[in-house]
Amino acid sequence: MTKRVADLLVETLQAAGVKTCYGIVGDTMNRIANAIDRSQIDWVHMRHEEAGAFAAAAEALLTGRLTACAGSCGPGSLHFINGLYEANRNRAPVILIATQIVRQDLGFESIQEIDYDDVFKGCSVYCEMIVTPEQARRKTVAACQAALTKRGVAVLVVPADIANAASHDEPPYAVHARPPLIRPSDADLDAIAAILNKSEAITIYAGAGCAGAHDEVVATAARLKAPMAHTSRGKDFLEYDNPYNVGMTGIIGGPAGYHAILDCDVLLLLGADFAWTQFYPNKATIIQIDLDPTHIGRRHPVTIGAVGNIKATLEALLPRLQRHEDGSFLATHVARFKKDTASARAETVSGPDSAISGTYLTEIINKIAAENALFAADDGTPTVWMLRHIDTAGKRRTFASLLHGTMASGMPSALGLQKCQPGRQVICLAGDGGFAMLLGDLLTTVQENLPIKIVVYDNGKLGFVEIEQKAAGLLPVYTDLKNPDFGEVAKAMGLWGHSVSKAGELEESVQTLLTQPGPALLHVKVKPMQPVMPPSPLVAPEAVVGMAVYSARAMLHGKGHDVWEMIVENIP
């Protein structure tokens, strides 16, 4: 049988390292689906394409290898777009096979005709259509190479008649994605060292760009006697085995990291592109090192900006650094961090019938989960509790929509993580709003036999949005959710399901959840009024005034009970 372009395309994807493709088949996708079925690539049949893109992004982000998703023409491929924004912003190498109507009908506003280039240009590093069979291999290779080397989403548009056409002999184009060694020049390293060697009160602020450089970052902190704060995305790579760690800063961070950065004389930014300028020091000397040149100085003016891989750069910088002797600045912030951590971990419940807070639930999960578990959290309070209360210890990993901030990424990300790590415990910390948004793909866990464990934090509202509205002095509107018993919903879909609302039953329920052999869901009623407290005294004056205005308005509108409930629920 004559080899089709669809076969050549799939062979090229497989040679580029693709092991999984997430999507939904149909019309223009059928020839490619048939080729995938005959290949070694696993097809994961999703119920919604957006969930497929989230799953592909999580797999690519964890493994670093190219992961695929594919959809039919028009609305099928359009459904991927939110998940592709998530992937592209996380620098996850994902390729979308966006099938298209036949070429002769393009340009006539045909049914399901979409200009993919216009649609996907904002969330991709490559977007091209295969125009003739003769260029199929070359463009597929180009798409794979762009996704792997530029670390983002590549969109390959494939018209149905092209996929079905006979393939042609092409030169043996192949993917080449070996990472280069990149570090600053010797002159830049000498200039950086000169500033650090003559300075005291140095703080390191490290981000996800430090992945693979844990030992070098710790050694630098030791040499400089510098406390090290980290971004939320840097948590997994830096907080463990690190006596210099003082935690996160920002709204979801803590006081120690916040003050270590604002009180320093020199801030050494390593692989960190933290977006909120109000958390940078105004008077300190800032040195920034990042692999991406576009990150240098775009959040706050810097004194020196240098381009380099963090591990390679610190290996070259460390011999130039003098050992600092005064550790008082470091000791102050480390002591504060230890005190804050101990206080956060000391939460107890008043009795077996008491209500469950989101933080207490997360602490229980943290205690019982496997030492190498993977966690995927929905945007909002589940992400905050995960980042604050899940210990990674260098073996666990945490995933959340920290750059895109989208709802509904938790469960489908867990699907992708479980697909590529079949023997590993994968736990989804789901918000009730985000979980319901892509509820259909709960069926995918059963159909694909993916034994993820889902904990639904049911506070009956869009909790983070309500906090934002209250902080602005507004009465909350449109945030309430009328939820079903998700434990019973899970049972109806073929999963193990259970619901719990009393603190005394929680630990046993979590233990039972995590020992289930297949996919399982625990529906937990959590306190609806637990706020996310920013690092004190970092409560913006306008937020304080806003909360006071909200309280007054609530009282005047007969909602004094809500104000009282919020106060009572959050008094230790």
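Residues numbered from 1 in each chain as written. Predicted model: local features only at pLDDT ≥ 70, side-chain atom pairs only at ≥ 80, totals over all residues. Heavy atoms only, no water.

### Focus on the pairing of strand β9 (residues 266-270)
So, point 1. With five of five residues buried, β9 lies mostly within the body of the structure.
So, point 2. Covered by surrounding structure in β9 are Val266, Leu268 and Leu270 together with Leu267 and Leu269, the residues of both alternating faces.
So, point 3. For strand β7 (residues 202-206) and β9, the ladder comprises five bridges, and the chain directions are parallel. Bridge pairing in β9 places Thr203 opposite Leu267.
So, point 4. As judged from the five bridges shared by β9 and strand β10 (residues 285-290), these two strands associate in the parallel manner. When the bridges of β10 are listed, Val266 appears paired with Thr285. (Buried < 20%, exposed > 50% of the residue type's maximum accessible area, 1.4 Å probe, protein only. Helix = DSSP H or I, 4+ residues; strand = E, 2+ residues; numbered from the N terminus. Pairing = 2+ DSSP bridges.)

### Concerning the nonpolar core
So, point 1. Core analysis: the biggest nonpolar cluster contains 54 residues, and Leu196, Val217 and Leu270 have the highest contact counts within it.
So, point 2. Leu196 has contacts with Ile202, Leu224, Val266, Leu268, Ile287, Leu317, Leu321 and His324, leaving out every residue within four places of it along the chain. (Core = buried A, V, L, I, M, F, W, Y, C linked by side-chain atoms within 4.5 Å. Contact = heavy atoms within 4.5 Å.)

### Some remarks on the packing of aromatic side chains
So, point 1. For the structure shown, the criterion picks out six aromatic pairs.
So, point 2. In textbook terms, an aromatic cluster arises when at least three aromatic residues are bridged by ring pairs, as seen for Tyr205, Tyr258, Phe274, Phe279 and Tyr280. (Phe/Tyr/Trp six-rings, centres within 6.5 Å; stacked < 30°, edge-to-face > 60°.)

### Things to note about the sheet that holds strand β15 (residues 453-458)
So, point 1. An order of β13-β12-β14-β15-β17-β16 is seen for the six strands of this open sheet, with the pairing classed as parallel. Each edge of the open sheet is held by one strand with a lone partner, namely β13 (397-399) and β16 (496-500). Looking at each pair of strands side by side, their axes are set apart by 15 degrees on average, direction ignored.
So, point 2. Judged from the three bridges that link them, strand β12 (residues 374-377) and β13 form a sheet pairing that is parallel. Its bridge partner being in β13, Ala376 is matched across the sheet by Phe399. (Axes fitted to C-alpha atoms, helices over the stretch in contact; angles between N-to-C directions.)

### So, the sheet that holds β9
So, point 1. Taken in spatial order, the five strands line up as β8-β7-β9-β10-β11 in an open sheet, and their pairing is parallel. Only two strands of the sheet have a single partner each, and these edge strands are β8 (228-230) and β11 (304-307). Shown here is a sheet whose adjacent strand axes are inclined to one another by a mean of 15 degrees, direction ignored.
So, point 2. Sheet strands touched by helix α10 (residues 214-224): β7, β8 and β9. Its angle to β7, the strand with the most contacts, is close to 170 degrees.

### Some remarks on the pairing of β16
So, point 1. In terms of strand pairing, β16 meets strand β17 (residues 520-525) through five bridges, oriented parallel. Bridge pairing links Gly497 to Leu521 in β17.
So, point 2. Regarding topology, helix α22 (residues 506-514) serves as the crossover connection from β16 to the parallel β17, and that connection is right-handed. (Right-handed = clockwise from strand over helix to strand, strands pointing away.)

### Quick look at helix α15 (residues 358-368)
So, point 1. Most of α15 sits out of view: 10 of its 11 residues are buried.
So, point 2. Within the sequence span of α15, burial applies to Gly358, Thr359, Tyr360, Leu361, Thr362, Glu363, Ile364, Ile365, Asn366 and Ile368.

### A closer look at the environment of Phe274
So, point 1. Positionally, Phe274 belongs in the loop between β9 and β10.
So, point 2. Residues Phe274 and Ala206, 68 residues apart in the sequence, show an inter-C-alpha distance of 9.5 Å.

### Some thoughts on the pattern of salt bridges
So, point 1. Applying the stated criterion across every chain, the model contains 23 salt bridges.
So, point 2. Ionic pairing is found between Asp190 and Arg320, a salt bridge with its closest N-O pair at 2.7 Å. Here Asp190 is found in helix α9 (residues 186-197), whereas its partner Arg320 is found in the loop between α13 (310-317) and α14 (328-344), with 130 residues between them in sequence.
So, point 3. Take Arg320: its relative accessible area is 25%, and that puts it in the partly exposed class.
So, point 4. In this structure, the salt-bridge partner of Glu371 is Lys395, at a minimum N-O distance of 3.5 Å. Linking Glu371 in the loop between α15 and β12 with Lys395 in the loop between α16 (381-389) and β13, this pair joins segments that are 24 residues apart in sequence. (Salt bridge = Lys/Arg side-chain N within 4 Å of Asp/Glu carboxyl O.)

### Some words on the environment of Ala272
So, point 1. Locating Ala272 in the fold gives a position in the loop between β9 and β10.
So, point 2. Expressed as a C-alpha distance, the spacing of Ala272 and Val18, which sit 254 residues apart in the sequence, is 29 Å.
So, point 3. Apart from the residues within four sequence positions on either side, Ala272 is in contact with Tyr205, Ala206, Gly207, Thr231, Gln288 and Asp290.

### Overview of the confidence of the model for the protein chain
So, point 1. Predicted confidence across the protein chain gives a mean pLDDT of 91, with 93% of residues reaching 70 or more.
So, point 2. A low-confidence stretch, residues 538-547 (pLDDT under 50), is modelled with 15 contacts involving residues beyond four sequence positions or located in other chains.
So, point 3. In the predicted structure, residues 563-569 sits below a pLDDT of 50 and forms 13 contacts with residues beyond four places in sequence or in another chain. (pLDDT = per-residue confidence, 0-100.)

### Description of unusual backbone geometry
So, point 1. Look at Gln112: it is not a glycine, yet its phi comes out positive at around 70 degrees.
So, point 2. Inspection of the secondary structure assignment puts Gln112 in the loop between β4 (94-100) and α6 (116-120).
So, point 3. By relative accessible area, Gln112 is classed as partly exposed at 33%.
So, point 4. The backbone of Ala201 shows a phi angle near 50 degrees, a positive value even though the residue is not glycine.
So, point 5. Along the chain, Ala201 turns up in the loop between α9 and β7.
So, point 6. Accessibility expressed as a relative area gives 18% for Ala201, which makes it buried.

### Notes on the packing of helix α1 (residues 5-15) against helix α2 (residues 30-37)
So, point 1. Look at α1 against α2: their axes get within 9 Å of each other, and the N-to-C directions meet at 50 degrees. Taken together, the axes of α1 and α2 are oblique relative to one another. Crossing of α1 against α2: the hand is right-handed. On the side of α1, the interface is formed by Ala6, Asp7 and Val10, while α2 contributes Arg31, Ile32, Ala35 and Ile36. (Parallel < 35°, antiparallel > 145°, perpendicular 65-115°, else oblique. Left-handed = near helix turned anticlockwise from the far one by under 90°.)

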